[in-house]
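Single-letter residue listing:
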Amino acid sequence: PIRYLAGVLMCLQMLLGPTFAYNGLNEYQFETYKMKIPEAEYFSYVMPAVIMFILGLHVTAGKLKGEVLNVASIRLFIDRSGKLPYIFIAIGFVSSLVSIFFSSALVFVFYLLSSFKFIGVFMLICGTRQLKPWVLVLVYGSIISSSLAEAMFHDLLTWLIMLGAVLAIKYKPPVILKTATTIGFVVLVIIIQQVKGEYRKKTWGGAGGDFEAFENVLTSKKESNSLFSFESLADHNVRINQGFIVTNIMSTVPERVPYANGEELMQILEAAFMPRVFSPDKLKAGDRTLFMKYSGMTLQKGTSMGLSSVGDGYINFGPIGGCFFMFFWGLLFSEVLKGFHNISRFYPVLLLFTPMVFYYPIRPDCELQTSLGHLVKSCMLIAGMFLIWKHNFIRVKRRVGIKPVQ
């Protein structure tokens, strides 16, 4: 559900969170996180920008091309592919382990390869063979463990959503079960957001992060009756409100810093497409220079924030041009999915790789250069893999008689 997730997260962080802030929760935020311009001025740009983004996601999507799996063809392929799902799981774990031995230029490649373990699990779920519970525990236990150790939960939550989607495709649960699961997931997200701040202080302070440490912080919150208190929920609205960054941008550009007129976007494109060996001075992930320039905010050392695609659109092209930029940003997502759809006519299993391509770009709070770089590099990696293993896929395709999906 890539298009729907991208749209929902954009609405959550650019519309719902800011709405809460403007209607009373702003007073509970630190001064840095408060909305800096009037509500009408903010929504006069962001509302049409988000609408244009969603329109771009769907205008050429047809019947959600690139998201609807040919389950029968995938099942045939997986059942005849031998140990391939386990090979992907092994590649994922090995990549996670060896990434620390390589330079920063290659770390991102291994970061992408580490996602293969989830693709392997999805393959096992979609096949006819019974899924062995220990595989699911091993793969998702590893990301739970790493998320607790690093006190970073975005990847865990996104891969849980993708797992839920694949399980729903396979088992077709009733609406009441899907509704209950969704409510449970939302409660889990709220709990993580409420605990995350204090948990990070302890973990990053050297205490170490694990399930016991998380449980201790959660228990402390419960005992102080602050877990679901209004003040606590209001204070953490900033977690779903990325609009405060956009308000800082809109109060800085063009009054103090002129519109970039595409110059900043060219730097982003260079960072996404050019290998660092050919462009050693290109933007890095977490680069704070552009953020502080165009937002007017000062970040402490070790802190990074993203201007967001909505912010980058405004910086480069102003409010009207920024809306058109958001349309083409959404259209890019859709066209990539359509490309996967077209190739999946011959390699149906390819669509199981779309979560790997989009699990980072669908987050609206991230830097545009990192999101676009992830999109480009993951597509290149998958293309390279299919070229290298093409004879394996073709052999399996011919053997099971898979025909292109009409």
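Residues numbered from 1 in each chain as written. Predicted model: local features only at pLDDT ≥ 70, side-chain atom pairs only at ≥ 80, totals over all residues. Heavy atoms only, no water.

1. Here we look at the overall build of the protein chain
Reasoning step 1: The helix and strand tally for the protein chain stands at 18 helices and zero strands.
Reasoning step 2: Over its C-alpha trace the protein chain gives a radius of gyration of 22 Å, about what one expects of a compact globule, namely 22 Å for 406 residues.
Reasoning step 3: Structurally, the protein chain occupies a C-alpha span of about 65 × 55 × 45 Å along its principal axes.
Reasoning step 4: Every one of the 406 residues in the protein chain was classed for burial, and the buried ones make up 49%.
Reasoning step 5: Taking the contacts inside the protein chain whose residues are at least 6 apart along the sequence as the reference set, 76% of them involve residues at least 24 apart. (Helix = DSSP H or I, 4+ residues; strand = E, 2+ residues; numbered from the N terminus. Rg over C-alpha atoms; globule rule 2.2 N^0.38 Å. Buried < 20%, exposed > 50% of the residue type's maximum accessible area, 1.4 Å probe, protein only. Contact = heavy atoms within 4.5 Å.)

2. Structural notes on the pattern of salt bridges
Reasoning step 1: Under the counting rule described, the total for this entry stands at four salt bridges.
Reasoning step 2: In this structure, the salt-bridge partner of R3 is E67, at a minimum N-O distance of 2.6 Å. With R3 in helix α1 (residues 2-22) and E67 in the loop between α2 (39-58) and α3 (71-79), this pair connects stretches of sequence that are 64 residues apart. The same class applies to R3 and to E67, which are both buried.
Reasoning step 3: With its nearest N and O atoms 3.7 Å apart, the salt bridge here joins K338 to E335. Of this pair, K338 and E335 both sit in helix α15 (residues 308-344), three residues apart, roughly one helical turn. (Salt bridge = Lys/Arg side-chain N within 4 Å of Asp/Glu carboxyl O.)

3. What to know about the side chain of S147
Reasoning step 1: Looking at the secondary structure, you find S147 in helix α7 (residues 133-150).
Reasoning step 2: Those residues within four positions of S147 in sequence are excluded, and the remaining contacts are M152, F153 and L156.

4. Points about the nonpolar core
Reasoning step 1: With 112 residues, the main nonpolar core has F122, L352 and F353 as its most contacted residues.
Reasoning step 2: At 13 residues, α15 tops the list of elements feeding residues into this core.
Reasoning step 3: Setting aside residues up to four positions removed in sequence, F122 forms contacts with Y140, W159, M162, L163, V166, L352 and P355. (Core = buried A, V, L, I, M, F, W, Y, C linked by side-chain atoms within 4.5 Å.)

5. Section: the environment of E27
Reasoning step 1: Structurally, E27 is set in the loop between α1 and α2.
Reasoning step 2: We classify E27 as exposed; its relative accessible area is 60%.
Reasoning step 3: For E27 and D235, which are 208 residues apart along the polypeptide, the C-alpha to C-alpha distance reads 8.8 Å.

6. Looking at helix α13 (residues 263-273)
Reasoning step 1: Of all the residues in α13, the buried ones are E264, L265, I268, A271 and A272. The buried residues of α13 all sit within an arc of 120 degrees when viewed along its axis, so they share a single face. Away from the buried face of α13 by more than 90 degrees, exposed residues E263, M266 and F273 are located.
Reasoning step 2: Buried positions along α13 lie against α14 (289-295), α15 and α17 (368-388). (Arc of directions from axis to C-beta.)

7. Quick look at the confidence of the model for the protein chain
Reasoning step 1: Mean pLDDT for the protein chain: 88, with 93% of residues reaching 70 or above.
Reasoning step 2: Here helix α18 (residues 390-400) stands out as the element of the protein chain with the lowest mean pLDDT, 53, in contrast to α2, whose mean of 98 is the highest.
Reasoning step 3: Note that pLDDT drops below 50 for residues 395-406; the model gives that stretch 16 contacts with residues more than four away or on any other chain. (pLDDT = per-residue confidence, 0-100.)

8. Some points on unusual backbone geometry
Most peptide bonds adopt trans geometry, and most residues besides glycine take a negative phi value.
Reasoning step 1: For the bond from V253 to P254, the omega torsion is 5 degrees, close enough to zero to count as cis.
Reasoning step 2: Residue placement: P254 occurs in the loop between α12 (243-252) and α13.
Reasoning step 3: Look at N261: it is not a glycine, yet its phi comes out positive at around 50 degrees.
Reasoning step 4: Following the sequence through the fold, N261 ends up in the loop between α12 and α13.

9. Points about the side chain of E264
Reasoning step 1: If you trace the backbone, E264 turns up in helix α13.
Reasoning step 2: Buried and without a salt bridge, E264 has K293 as its closest oppositely charged side chain, separated by 9.0 Å.
Reasoning step 3: Residues contacting E264, with those up to four places away along its chain left out, are L290, Y294, L307, D312, I315 and N316. (Lys, Arg positive; Asp, Glu negative; His and termini not counted.)

10. So, the packing of aromatic side chains
The geometry of an aromatic ring pair is captured by two quantities: the separation of the ring centres and the angle between the planes.
Reasoning step 1: Enumeration according to the criterion identifies 26 aromatic pairs in this entry.
Reasoning step 2: Each member of the aromatic cluster is reached from another via a ring pair, and the members are F108, Y111, F118, F122, Y140, W159 and Y359.
Reasoning step 3: Of note, K117 hangs over the ring of F93, and the distance from its end group to the ring centre comes to 5.6 Å. (Phe/Tyr/Trp six-rings, centres within 6.5 Å; stacked < 30°, edge-to-face > 60°. Lys NZ or Arg CZ within 6 Å of the ring centre and 35° of its normal.)

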